[in-house]
Amino acid sequence: MFSSILIANRGEIALRIVRACRELGIHSVVAYSQADERTLAVEMADEAICIGPPPASASYLLVERLIAAAEVCDVDAIHPGYGFLAENPHFAEVCEQCNITFIGPSPAAIRRMGNKAEARRTAAAANVPIIPGSPGVIENDRDALTLAREMGYPVMVKASAGGGGKGMRVVHNDGSLVQSFHAARIEAEKAFGLADVYIEKLIERPKHVEIQLIGDKHGNVVHLGERDCSLQRRHQKLIEESPCPVLDEELRNQMGEAAVRVAKSVGYSTAGTVEFLLGADRSFYFMEMNTRIQVEHPVTEMVTGIDLMREQILTAAGEPLSFTQDDVALKGHAIEVRINAEDAHRNFAPCPGTIEFYGVPGGPGVRVDSHAYSGYTIPPYYDSMIGKLIVHAPTRELAIVRAHRALSEFLIHGVTTTVDFAGTLLDLEPFRSGQYDTGTLERWLESTR
Amino acid sequence: MFSSILIANRGEIALRIVRACRELGIHSVVAYSQADERTLAVEMADEAICIGPPPASASYLLVERLIAAAEVCDVDAIHPGYGFLAENPHFAEVCEQCNITFIGPSPAAIRRMGNKAEARRTAAAANVPIIPGSPGVIENDRDALTLAREMGYPVMVKASAGGGGKGMRVVHNDGSLVQSFHAARIEAEKAFGLADVYIEKLIERPKHVEIQLIGDKHGNVVHLGERDCSLQRRHQKLIEESPCPVLDEELRNQMGEAAVRVAKSVGYSTAGTVEFLLGADRSFYFMEMNTRIQVEHPVTEMVTGIDLMREQILTAAGEPLSFTQDDVALKGHAIEVRINAEDAHRNFAPCPGTIEFYGVPGGPGVRVDSHAYSGYTIPPYYDSMIGKLIVHAPTRELAIVRAHRALSEFLIHGVTTTVDFAGTLLDLEPFRSGQYDTGTLERWLESTR
Amino acid sequence: MNTDVSQVEFLAKLMAEYDLSEISIDETSGKIRLRRGAAIDFDAMPQYIPAAAPAVQAAAPAAAAPVADATPIEAIAAPIVGTFYQSPAPDAAPFVKVGDKVTADTVVCIIEAMKVMNEVKAERAGVIKRVLAENAHAVEFGQPLFEITPA
Amino acid sequence: MNTDVSQVEFLAKLMAEYDLSEISIDETSGKIRLRRGAAIDFDAMPQYIPAAAPAVQAAAPAAAAPVADATPIEAIAAPIVGTFYQSPAPDAAPFVKVGDKVTADTVVCIIEAMKVMNEVKAERAGVIKRVLAENAHAVEFGQPLFEITPA
């Protein structure tokens, strides 16, 4: 086992890792920037070392600074958290060369999943459905017709040079395909100076459903059920829940097994997530794999009772997983609400500043993962998330009620946060019914403008 | 269902009730004294009404004030919490007369269990073992011998006028009984002017193990496993845990069924606790029944996943229990640590004052029930408990580790608390091994003097 | 209101003049609170936790008044929780009205609690300046019922 | 130390004189901290959260010194994380010692990071007053290594 771990991150995830280390009896060392000297992770860690000035590019993103810190603090391993260097294969490689265990997958696995095209190929090779699309540029309308019929309508014609919806057409039948194919080419030519288009199957109003999995260095990979992360604004998740309200046991197993196949095919040996698009017809498609612990991992911890962070550290140290697939069962319902220092009424503008008073919710079924406190100054250099509220209850309905109750107890004075906005989201009819998709929030925000 | 509940209590339990009301969609009204205006329960409740000046005798203990508050606020029910009027049968009766539901047992059940002798008789009649003792004063050494042989050694000879160990003798065999009987009489005569003594079986180094149960108004009573509350100082519980480290399934069922028999024999219809002394030989004896929700109820909530406060309110409203005995299973291990504003180094003197900074632990498996916050002034009028830390983990060993971790995150500045002392208790060898009894803490405190 | 030094001086003088132990001015809500010789020290409560606003509480006394008026003003507070009645019966005249002189023994109102009508006495001599609670509405313990200028 | 008005004045003068942006005196622990033109504002941090004491940090500079001594003092801080060496080799003489005059380009020490020896220059002319870090020990980013009196 490790005797000492360097935490190459900040904020709530650094604190989460400190907590796991403390419970494992591992000496924790937080590497922090000058802007993060007065944070709970630094306060709670056994040791802390300043690695640079506030900008992440001069501290949290500097491989050599982190390695130097690891060396002078004489640690066995580095936990990268999420973001920053967590999915940087070069960093994982340097750790390996310096005989420091990188708590994450192998550099090769990071690389394969980091490249979108290769990840798609890997998934397809593992017999996991990917979103059907033309292998390359479509040359003429005859090829377009053949492909569209093959993958089934509706399809999307997209400009290769892409962006901003230009040269993009949704097509529902043969009749409009030919016309749309040419229209898209002309539009693309005008917009990007390049007429090339390709075709992709359109998944209408899809859900973002991801499978949490964890592997060890003995070839075991187990999936821990799903999270529905469809409530997004500009691809930023705001609320996550498990189980997904539209999944049944059969589909859960299918998706879980698909995720495990992808992971096993790259020799995956740590915590990770396979993201799927889930169509209304129960078809699901591989999107990408996140080769790290995720912000929303507590949702899975609450319904499975498994301490993911602990398992991630133990498996990195070579321990076998402490459970098998048969031991995993989802119990009750968990919802995570992200608390951001943002102003929902001003287009979610970040609101750095000093939290004058910070009162967190408590009582049954409530968990708060947060690095903030009364008097904490949110620095302007990093993301705006100041905490996560996770609730657990026997049913989804009770979990929503509990989330509302806990939000009403979340007292943050001095900075504007998304606490109230989160309550509004929980009340949205599509969320209530569970029938929300990745476009629900944007459509609703649009409608309220 | 109730539309509105008056909370006739303060502190963390008032907040606990407010939380349950919020989750049930019930309008909550906190009745508070002038000293509690600025507390979280008042802050979080839908409504609050001042009922009197700070001393409990002029506010929380005044039946007529509480009833008047209930009437002007037009509530359907009163929740008494624990302490104050929670086990006052007169209060329960007045509520009944005023057509306000008292969220607790019937006045008759409170009375029967409130009288020690009658509670003992009730338990015995329900075929539940009670601590064997002489029915009254022992007149001569012949009767003493007969009785002592009947109940089995060791026994205690106790002065009827009792107190402070005077006229008390522990006896292990016939030989010393006669001598001790006379010696105790002489000592009692000297100390109290009354020579009367009686005999009780001595349970050596017993554990205090209590069974949580809950009933409804349809005749159902279910037990929810036990709590080991043996770590006590002057009969004040400091740490509680479930399951009890020395209980097995068989003994748990025996004790649980015994508790249910007692409760059913008095028509019990709400949350309650039957306290037992558990001997080293696995024999258990009824001590008393607490006819209310208890401070340590979250321990049971954590291991059973059942929201006791919610069920207590629902059953008071006439709903049947939402589960049966077969649905109850203890999962993992939970430990509660009471956080008191007391100075362990000054004979646990209360430390009222202002909490300058209050930072509560978070992360996985941690629950905090507390009415305190940064800036809260602990008034000198009530008890010194400012919060409860409850941890849950898959095993007892991990729960202890987690409790340590959470305590290390509990930052309370401005007043002296038992946070550090609690960490010391968790490290005591008898606690570690689970082999602690009701005298462990006092003996250890004595040894450190 | 902008805080400047002269205002602080002004407020300090006010406090000394009217024997106030606390003046708090909330610029955001426009709330003003004056406190005299409070028996309990709530001052340690950080301002940023909003004080609970009990739904049963009647309109707060316009606390600015004493500042404008140089005569010290006291309040007759509710000694118990209950329903406030200004007159002994629905059709009867009120016990007291604004401008009435009262002695310590003058009954100023009734508070009904648990079906019992409790007479409330002025407990000091003076002139009734304002009625602060609303007839037939709930009052909580300590709630000001009347403003009174001590004789 | 008892705070009285003359002391406040004294401290204010000190701050102006020495261009300090913060003086904090902890009477309980006897700690004194002086801060000059900090790039980041940590002032909002409440004092009651104890500042983390990184185990790798060397003894803090005796900050009281500048108050006693009228000459302004600056520090040469570690530009990177690593191991601090005062001399180019174990047996060699130190790059600089107390009393040495340095120019901006004078190499004052080496910090080893990732097996690379990084020379640290004084970055300003002056006289070395004290060595603050311990030879062959870890230093973190920004940690003061030398006190220097600017020329």
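Residues numbered from 1 in each chain as written. Chains lettered and ligands numbered in written order. Predicted model: local features only at pLDDT ≥ 70, side-chain atom pairs only at ≥ 80, totals over all residues. Heavy atoms only, no water.

Undergrad: I tried to follow the overall build of chain C on my own but got confused; where do I start?
TA: Looking only at helices and strands, one finds two helices and 10 strands in chain C. Helices and strands in chain C line up, N terminus first, as α-β-β-α-β-β-β-β-β-β-β-β. Here the contacts in chain C between residues at least 6 apart in sequence split such that 58% fall between residues at least 24 apart. Surface summary for chain C: the accessible area is close to 8700 Å², and the carbon and sulfur share equals 55%. (Helix = DSSP H or I, 4+ residues; strand = E, 2+ residues; numbered from the N terminus. Contact = heavy atoms within 4.5 Å. Areas by Shrake-Rupley, 256 points an atom, 1.4 Å probe, with all protein chains shown as cover.)

Undergrad: Would you take a moment to explain the overall build of chain A for this structure?
TA: From N to C terminus, chain A includes 15 helices and 22 strands. In terms of overall size, chain A behaves like a compact globule, its C-alpha atoms giving a radius of gyration of 23 Å where 449 residues would be expected to give roughly 22 Å. Counting only C-alpha atoms and orienting by the principal axes, one finds that chain A spans roughly 65 × 50 × 45 Å. Within chain A, counting contacts between residues at least 6 apart in sequence, those at least 24 apart form 65% of the total. Of the roughly 16100 Å² of accessible surface on chain A, 48% is carried by carbon and sulfur atoms. If you average the places of the 43 positive and of the 59 negative side-chain charges in chain A, the two averages end up 4 Å apart. (Rg over C-alpha atoms; globule rule 2.2 N^0.38 Å. Lys, Arg positive; Asp, Glu negative; His and termini not counted. Charge placed at Lys NZ, Arg CZ, Asp CG, Glu CD.)

Undergrad: How should I be thinking about the relation of the copies chain B and chain A in this particular structure?
TA: Note on the chain copies: they are related by a rotation about an axis and a translation along it. The transform that puts chain B on chain A rotates by 180 degrees and translates by 0.0 Å along the axis, for an RMSD of 0.1 Å. On the angle and the small slide along the axis, the relation comes out as a two-fold axis. With an isologous cut-off of 70% or more, the 100% of interface residues of chain B that recur at the interface of chain A puts this contact in the isologous class. (Least-squares fit on C-alpha atoms with pLDDT ≥ 70 in both.)

Undergrad: For this particular structure, what's the right way to read the interface of chain B and chain A?
TA: For an interface, size is often stated in terms of accessible area lost upon the parts coming together. Contacts between chain B and chain A engage 29 residues on the former and 29 residues on the latter. Where chain B packs against chain A, one counts eight salt bridges. For B:Glu23, the salt bridge is made with A:Arg405, and the minimal N-O distance between the two is 2.8 Å. Across the chain B-chain A interface, the total number found is 13 residue pairs in polar contact (both at pLDDT 80 or more). Those elements giving two or more residues to the side of chain B that touches chain A turn out to be α1 (11-24), α2 (40-44), β19 (366-370) and α12 (396-409) of chain B. Ranked by residue count, the leading element in the side of chain B that touches chain A is α12(B), at six residues. Its residues assigned to classes, the side of chain B that touches chain A comprises 11 nonpolar, four polar and 14 charged. (Salt bridge = Lys/Arg side-chain N within 4 Å of Asp/Glu carboxyl O. Polar contact = N/O pair within 3.5 Å; in protein donor to acceptor, adjacent residues only side chain to side chain. Nonpolar A, V, L, I, M, F, W, Y, C, P; charged D, E, K, R; others polar.)

Undergrad: Quick question: what am I supposed to make of empty space enclosed by the protein here?
TA: Under the defined criterion, the tally for this structure stands at 10 cavities of 30 Å³ or more. There is about 490 Å³ of room inside the largest cavity. Considering the residues around the largest cavity, the lining is formed by 36 residues, among which A:Val360, A:Pro361, B:Gly359, B:Val360 and B:Pro361 are closest to the centre. Secondary structure elements with two or more residues in the lining of the largest cavity: α2 (40-44), β18 (357-359) and β19 (366-370) of chain A together with α2, β18 (357-359) and β19 of chain B. It is β19(B) that provides the largest number of residues to the lining of the largest cavity, a total of five residues. (1 Å grid on protein atoms, 1.4 Å probe; cavity = no way out; pocket = protein on both sides within 12 Å on 5 of 7 lines; lining within 4 Å. Points joined across faces, edges and corners; volume = space filled by probe spheres on them.)

Undergrad: Can you help me understand the packing of aromatic side chains in this one?
TA: In this description, a pair of aromatic rings is defined by centroid distance and the angle of the planes. The final tally for this structure, using the stated rule, is 26 aromatic pairs over all chains. Ring centres 5.6 Å apart and planes at 75 degrees place the aromatic pair A:Tyr60 and A:Tyr382 in the edge-to-face group. Residue A:Tyr60 is found in the loop between β3 (47-52) and α3 (63-72), and its partner A:Tyr382 is found in the loop between β20 (377-378) and β21 (385-393); the two are separated by 322 residues along the sequence. Members of the aromatic cluster, connected to one another through ring pairs, are A:Tyr60, A:Phe84, A:Tyr381 and A:Tyr382. In this structure, A:Arg396 packs its charged tip against the face of A:Phe431, placed 4.8 Å from the ring centre. Between B:Lys207 and the ring centre of B:Tyr436, over which it is positioned, the NZ or CZ distance is 3.6 Å. (Phe/Tyr/Trp six-rings, centres within 6.5 Å; stacked < 30°, edge-to-face > 60°. Lys NZ or Arg CZ within 6 Å of the ring centre and 35° of its normal.)

Undergrad: It is not clear to me how the environment of B:Ser374 should be interpreted in this structure. Could you clarify?
TA: For B:Ser374, the position within the fold is in the loop between β19 and β20 (377-378). On the basis of relative accessibility, which here comes to 4%, the residue B:Ser374 falls in the buried class. Along the chain, B:Ser374 and B:Gly414 lie 40 residues apart, while their C-alpha atoms are 9.7 Å from each other. In this structure the side chain of B:Ser374 is engaged in a polar contact, spanning 3.5 Å, whose partner is the side chain of A:Ser374. (Buried < 20%, exposed > 50% of the residue type's maximum accessible area, 1.4 Å probe, protein only.)

Undergrad: Can you walk me through the side chain of A:Ser4 in this structure?
TA: Within the fold, A:Ser4 resides in strand β1 (residues 4-7). When near neighbours in sequence (up to four residues on either side) are disregarded, A:Ser4 contacts A:Ile26, A:His27, A:Val29, A:Cys73, A:Asp74, A:Val75, A:Asp76 and A:Ala77.

Undergrad: Please explain the pairing of strand β14 (residues 333-340) of chain B as it appears in this structure.
TA: For a regular strand, side-chain orientation follows a simple rule: the groups alternate between the two sheet faces. Residue and element names in this part refer to chain B. Counting buried positions over the eight residues of β14 gives eight, a clear majority of the element. Alternating positions in β14 separate into two faces, His-333, Ile-335, Val-337 and Ile-339 on one and Ala-334, Glu-336, Arg-338 and Asn-340 on the other, with burial throughout. Sheet topology note: the strand β11 (residues 236-242)/β14 ladder contains four bridges and is antiparallel. The partner of Ser-242 across the bridge, within β14, is Ala-334. Bridge count between β14 and strand β21 (residues 385-393): eight bridges; the pairing is antiparallel. If you follow Ile-335 over to β21, its bridge partner there is Val-391. (Pairing = 2+ DSSP bridges.)

Undergrad: What exactly am I supposed to notice about the nonpolar core here?
TA: Looking at soluble globular proteins, one finds that nonpolar side chains tend to be buried together. Residue and element names in this part refer to chain A. Within the largest apolar cluster, 129 residues are counted, with the highest numbers of intra-cluster contacts made by Leu-6 and Ile-313. Sorting elements by how many residues they give to this core places helix α1 (residues 11-24) first, with eight residues. Apart from the residues lying within four places of it in its own chain, the contact partners of Ile-313 are Phe-2, Ile-5, Ala-20, Cys-21, Leu-24, Ile-26, His-79 and Ile-103. (Core = buried A, V, L, I, M, F, W, Y, C linked by side-chain atoms within 4.5 Å.)

Undergrad: Even after reading the chapter, I still don't get helix α7 (residues 141-151) of chain A, so can you show me in this structure?
TA: For the α-helix, the turn length of 3.6 residues means that residues three or four positions removed from each other point alike. Residues and elements named next belong to chain A. The complete set of buried residues in α7 reads Ala-144, Leu-145, Leu-147, Ala-148 and Met-151. In the core, the buried residues of α7 are packed alongside β6 (155-159), α8 (174-192) and β8 (197-201). The distance from a side-chain oxygen at the start of α7 to the backbone nitrogen of Arg-142 is 3.2 Å, and the residue carrying that oxygen is Asn-140. Within two residues after α7, Gly-152 carries a phi angle of roughly 85 degrees, on the positive side.

Undergrad: I'm lost on the domain arrangement of chain A in this one. Help?
TA: Taken as a whole, chain A is organised into domain 1 (4-103), domain 2 (132-201) and domain 3 (207-448). Taking only C-alpha atoms, the centre of domain 2 of chain A and the centre of domain 3 of chain A are 35 Å apart. (Domains from an automatic or database assignment.)

Undergrad: Can you help me understand the pattern of salt bridges in this one?
TA: Tallied over the full model, the rule gives 78 salt bridges over all chains. A salt bridge links A:Arg112 to A:Glu118; the shortest N-O distance between them is 3.7 Å. Overlapping salt bridges bring together A:Arg16, A:Arg19, A:Glu23, A:Glu301, A:Asp307, A:Arg367, A:Asp369, B:Arg402, B:Arg405 and B:Glu409 as one network.

Undergrad: For this particular structure, what's the right way to read unusual backbone geometry?
TA: Backbone phi values are negative for most residues with the exception of glycine, while trans is the configuration of most peptide bonds. Residue A:Pro243 is reached from A:Ser242 by a cis peptide bond, and omega for that bond is -5 degrees. Looking at the secondary structure, you find A:Pro243 in the loop between β11 (236-242) and α9 (249-265). The amide bond that connects B:Tyr153 to the next residue, B:Pro154, takes the cis arrangement and shows omega of -5 degrees. Relative to the helices and strands, B:Pro154 is located in the loop between α7 (141-151) and β6 (155-159). Not every positive phi belongs to a glycine, and A:Arg282 is a case in point at roughly 70 degrees.

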